[in-house]
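Residue strings, one per chain:
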Amino acid sequence: MMRRRRGYLKGLLLLLILFLGFPGMAAGAPGQLRLEVSPGYDGVYKGDWVPVRVKISNTGGDIEGELVVRSEHIPATAPESRLFVAESVKVAGGTSKEVTLLLSEPGFLADATIQFRTDGRVLAREKIEGERVADSELLIGVLSHSPILSSHINRWVGTADAPRAWVQLLKAEEIPEKDAGLSGLDVLVVNGIDLGSLGSSRQKAIRRWVEKGGLLVVAGGPSFDSTLGDWRSMLPVKVEGRTALKDLKPFSRWGKVPDLDSPLPVSRTRLADGGRSVIAAGDLPLLARRPVGTGAVVYAAYDLTAAPLAKWDGNERLWREMLILGGGEGSSLRSTVTFDPTLEQAILLMPHLRLPSLPAVAMLFLAYALAIGPITYWILSRMNRREWAWWIIPSLGIAIALGVYTYGKVVRGDDVLVHNLAYVEAKNSGEARVLGVSGFITQEAGAYRLEGSPEMWMWPLFHGERNRSEVVVSGRPSVTFHGVPHWTLRKVIVETTKSLDGELRAVARYEDGTLRGEVTNGTRLPLRDVTVDLGSRRHRVGSLAPGETRDFETSYVPDRDGRARNDFMPEPMPAGDRDLTREDLMRTVGTGIRVTGWTEAPVFSYEVRDHKTKAENLAQVLGRVEVMPRQKGESILWPRGTVPVRPLGGRSSMLRLSGGMVAEEEWKDPVLVAYDLPSAPSGWKPLRIDFAPEADVEVYDWRRGKWVKASLLPEEPSGDLSSFVSSFGRVVVRMEQAGSYPSLEVEGRVVR
């Protein structure tokens, strides 16, 4: 009998094991669930936000669980913090599913692991492995009907002296559906694919990425034109049909061209507004460029893989000029708020918590002292009831204390107190990039879930707090803080895009040491304290209502040393004993000339689940100043200090703070710097190009494809220097060190 019972128990145990599964099984066994993880673009990534594609293969039954990303990298300032990213996923049996997570790159991807969990069990895990590209290097994505194009482009630009270029072949499904996921790409080449395969959301994301500073190359020949869709409005050309080239003579400037065995099919185009032709066969543009926002779009009227052009030696010089020297302006904003302690200090200056002024408090205590002292004594003496003081004075104290508490309760209530600070980079398209920090103070202990709009990205910001945080990064983004104590501050960084209907813009002319122009608030935000910023100096314009324009005039004498730093850096703190304001801590100093303003209107918001919020907002709106060249008769002049300057080759160097001083990351030598001449007329010839100071820099000769020492350029107007200005109005110099760029002055003659 005992043996029979033992047999029954063994059988039940075996059935139980088969039913519940061994540890590590997907609904059971190892191997039934497998994860494949690819960060960035085929394992190569950079940028503020990194798309991480996860392929979940399920050979078992239907399963539902969570993808959880855990990182062991925790800031030294917050050693007790814990952060993980969670995403709910359902995978049918015998199928696979792909999920893209958008993760904050700085530090989080280091030692990060992705797990698939269900009912508290980890069924599969995979480490996130990839190669991070330096910010000063180029990351080029290629979408093409022919996979050979990526190897062609790698040959054309991969051997450039500086910067190093990484070329990655992409599939349409690898393109993120949100523009922030494209932040790591510097260039995207789209050749001959059906844009319908991208979908409207990806096309919109690419368009926004271009407006934020990306360089888009659209190519593919006449068969590609019917698929352009919404991109037509940002192309440098108008496509009107198809034609063919009988020879390649228009390309001969970049090298000896081969003969054609048969005519080369091309698009029949004409230049659109703002487009500049780089290569043309008569009045037919074959390669054209147009600035879009702070980025640019290049259109090639032919298929980049078509023979014999694909193997033409001149491609190396041509595409280095277009992709490296001809890159977009780039964005002056990046997620430096993650590392900027001044913004975290500004978050603490919450208007909700503003205390009454010291004189007001002193007057209140004086009134209280008089009320419970002389006044009460006098009244009770007149009533001959001085013994009542034993209960009247405590009662007055309790009543006043209750009054103060009630006043505070009415003013602050039980709501979660939210403080939003942001920088807004307005674009002429009407859409603005918003980068901000938000802090909230809890009036009750517990868990707090912040939920943003689908266009928003949120990430917890650690600095000394003990956090246990959960982030959802797709669908409706959210951040959950667990175990938050009573009356404590928690912070998140936020990035989003907001429609403002226009931009903050100034148009000016510079003459005889005076800058004159007008500032227009094309946004729908009311702006105060609008200023035209001249480096560290500011000229006050005042308040501007939406659509309002004001004239300004200010003296401006640029330094001859051409000192210029990163386009986005904290301004030196004001001297004196006055308390710092939020504006003091947020205000930035930029290179050259720009216009800024302030608004209390909300530029982003989020909900706190199951809680009401009371929000205070402050944003600095960043606009642009276009200084028109000075033109008298046939002469034209771009005065020193009025030409915008940008480093090329990836992003601007990122700021770091050390000992309270601002420093810059070192660049890899050499450094490429671009000067874009605003409002350059189509018919003009440069006669003088002058740099100050006379630094050891080289200027690129676009006609000959060589670098020439700037010291060899004539100091007085003489000859024709057209070869040093590109067809789209750009001068490029090469330097051995970064941090300070020479200022440029260009003089020329308009050809009638």
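Up top is the structure these notes are about.
Residues numbered from 1 in each chain as written. Predicted model: local features only at pLDDT ≥ 70, side-chain atom pairs only at ≥ 80, totals over all residues. Heavy atoms only, no water.

J.: Lay out the overall build of the protein chain in plain terms, naming residues and giving numbers.
T.: For the protein chain, the count of helices and strands is 8 helices and 46 strands. Residues counted as buried form 53% of the 752 residues belonging to the protein chain. Taking as baseline every contact in the protein chain between residues at least 6 positions apart, the subset at least 24 positions apart corresponds to 74%. Carbon together with sulfur atoms contributes 52% to the accessible area of the protein chain, which is approximately 34700 Å² in total. (Helix = DSSP H or I, 4+ residues; strand = E, 2+ residues; numbered from the N terminus. Buried < 20%, exposed > 50% of the residue type's maximum accessible area, 1.4 Å probe, protein only. Contact = heavy atoms within 4.5 Å. Areas by Shrake-Rupley, 256 points an atom, 1.4 Å probe, with all protein chains shown as cover.)

J.: Break down the sheet that holds strand β1 (residues 33-39) for me, citing the residues and quoting the values.
T.: Across the sheet, 3 strands lie side by side as β1-β3-β6; this open sheet has antiparallel pairing. Edge strands, defined here as strands with exactly one partner in the open sheet, are β1 and β6 (95-104). For this sheet the average axis-to-axis angle between neighbouring strands, irrespective of direction, equals 20°. (Pairing = 2+ DSSP bridges. Axes fitted to C-alpha atoms, helices over the stretch in contact; angles between N-to-C directions.)

J.: An account of helix α4 (residues 315-325) is requested, with residue identities and associated values reported.
T.: Most of α4 is tucked away, with 9 of its 11 residues classed as buried. Of the residues making up α4, those classed as buried are Asn315, Arg317, Leu318, Trp319, Glu321, Met322, Leu323, Ile324 and Leu325.

J.: For the side chain of Asp179, give the residues involved together with the corresponding values.
T.: For Asp179, the position within the fold is in the loop between β11 (165-169) and β12 (187-191). On the accessibility criterion, Asp179 (5% relative accessible area) is buried. For Asp179, the side chain forms a polar contact with the side chain of Lys212, separated by 2.3 Å. Setting aside anything within four residues of it in sequence, one finds Asp179 in contact with Ala205, Arg208, Trp209, Lys212, Trp457 and Thr497. (Polar contact = N/O pair within 3.5 Å; in protein donor to acceptor, adjacent residues only side chain to side chain.)

J.: So what's going on with the nonpolar core? Residues and values would help.
T.: In this structure, Ile56 and Val519 are the most contacted members of the largest nonpolar core, which totals 90 residues. When residues of this core are assigned to their parent elements, the largest contribution, 7 residues, is made by strand β19 (residues 416-425). Those residues in contact with Ile56 that sit more than four places away from it in its chain are Leu33, Arg34, Leu35, Leu67, Val89, Val91, Thr95, Ser96, Lys97, Val99 and Phe116. If you look at the next biggest cluster of nonpolar residues, it comprises 78 residues, including Leu248, Leu286, Val297 and Val732. (Core = buried A, V, L, I, M, F, W, Y, C linked by side-chain atoms within 4.5 Å.)

J.: So what's going on with the pattern of salt bridges? Which residues, and what values?
T.: With the rule as written, the count across this model stands at 36 salt bridges. Linking Arg53 and Glu174 is a salt bridge whose minimum nitrogen-to-oxygen distance equals 3.6 Å. Of this pair, Arg53 sits in strand β3 (residues 49-58) while Glu174 sits in the loop between β11 and β12, and the two are 121 residues apart along the sequence. Residue Arg53 is classed as buried on the basis of its relative accessible area of 13%. Taken together, the salt bridges that share partners define one network made up of Asp179, Arg208, Lys212, Glu431 and Glu455. (Salt bridge = Lys/Arg side-chain N within 4 Å of Asp/Glu carboxyl O.)

J.: Can you tell me about a nonpolar patch on the surface, naming the residues and giving the values?
T.: On the surface, a cluster of nonpolar side chains totalling about 930 Å² of accessible area is made up of Met363, Leu366, Leu370, Ile375, Trp378, Ile379, Met383, Trp388 and Trp391. Per-element accounting of the nonpolar patch gives the leading share, 7 residues, to helix α6 (residues 358-383). Tracing the sequence through the fold places Trp378 in helix α6. You can call Trp378 exposed: its relative accessible area is 53%. (Patch = residues over 30% accessible without salt bridge, like charges linked within 9 Å, V, L, I, M, F, W, Y side chains within 5 Å.)

J.: An account of the sheet that holds strand β13 (residues 215-219) is needed here, citing residue identities and associated values.
T.: Here 7 strands make up an open sheet; going across it, the order is β11-β10-β12-β13-β18-β17-β16 and the pairing mixed. Of all strands in the sheet, those bounded by a partner on one side alone are β11 and β16 (276-281). Taking the axes of each pair of neighbouring strands and ignoring which way they run, one obtains an average angle of 15° across the sheet. Across 5 bridges, the pairing between strand β10 (residues 138-144) and β12 is parallel. Of the residues in β12, the one forming a bridge with Gly141 is Leu188. In the packing of helix α2 (residues 148-157) onto the sheet, contacts are made with β10, β11 and β12, and the angle to β11 comes to roughly 175°.

J.: Tell me about the environment of Leu713, residues and numbers included.
T.: On the secondary structure map, Leu713 appears in the loop between β44 (706-709) and β45 (730-735). Once the C-alpha coordinates of Leu713 and Asp690 are considered, the two residues, 23 residues apart in sequence, prove to be 7.8 Å apart.

J.: How would you explain the environment of Arg594 if you had to name every residue and give the values?
T.: Among the secondary structure elements, Arg594 is positioned in strand β33 (residues 593-599). It is 9.6 Å that separates the C-alpha atoms of Arg594 and Arg538, two residues lying 56 residues apart in sequence.

J.: Give a detailed account of a positive patch on the surface, specifying residues and quantitative values.
T.: On the surface, Arg253, Lys685, Arg703 and Arg749 cluster together into a positively charged patch. In this fold, Arg703 is placed in the loop between β43 (698-701) and β44. (Lys, Arg positive; Asp, Glu negative; His and termini not counted. Charge placed at Lys NZ, Arg CZ, Asp CG, Glu CD.)

J.: Before we move on, can you summarise the packing of α2 against α4 with the specific residues and values?
T.: At a closest axis distance of 8 Å, the pairing of α2 and α4 adopts a crossing angle of 90°. Classified by the angle their axes make, α2 and α4 are roughly perpendicular. On α4, the residues touching Ile153, Arg155, Trp156 and Val157 of α2 are Asn315, Glu316, Trp319, Arg320, Leu323 and Ile324. (Parallel < 35°, antiparallel > 145°, perpendicular 65-115°, else oblique.)

J.: Explain the packing of aromatic side chains to me, and be specific about the residues and the numbers.
T.: If you walk through the whole model with that rule in mind, you get 12 aromatic pairs. Between the aromatic rings of Phe251 and Trp312, the centroid separation amounts to 5.7 Å while the plane-to-plane angle is 85°, which identifies the pairing as edge-to-face. Within this pair, whereas Phe251 is found in the loop between β14 (237-245) and β15 (264-271), its partner Trp312 is found in the loop between β18 (295-300) and α4, the two being separated by 61 residues in sequence. Since its relative accessible area comes to 4%, Trp312 is described here as buried. Considering the side-chain rings of Tyr700 and Trp707, the 5.0 Å spacing of their centres and the 65° angle between planes classify their relative orientation as edge-to-face. Judged by relative accessible area, Trp707 falls into the partly exposed class, the value being 23%. Ring pairing ties together the aromatic residues Tyr700, Trp702, Trp707 and Phe728, which thus form one cluster. Here Arg289 stacks its cationic end above the ring of Phe728, 4.2 Å away from the centre of that ring. (Phe/Tyr/Trp six-rings, centres within 6.5 Å; stacked < 30°, edge-to-face > 60°. Lys NZ or Arg CZ within 6 Å of the ring centre and 35° of its normal.)

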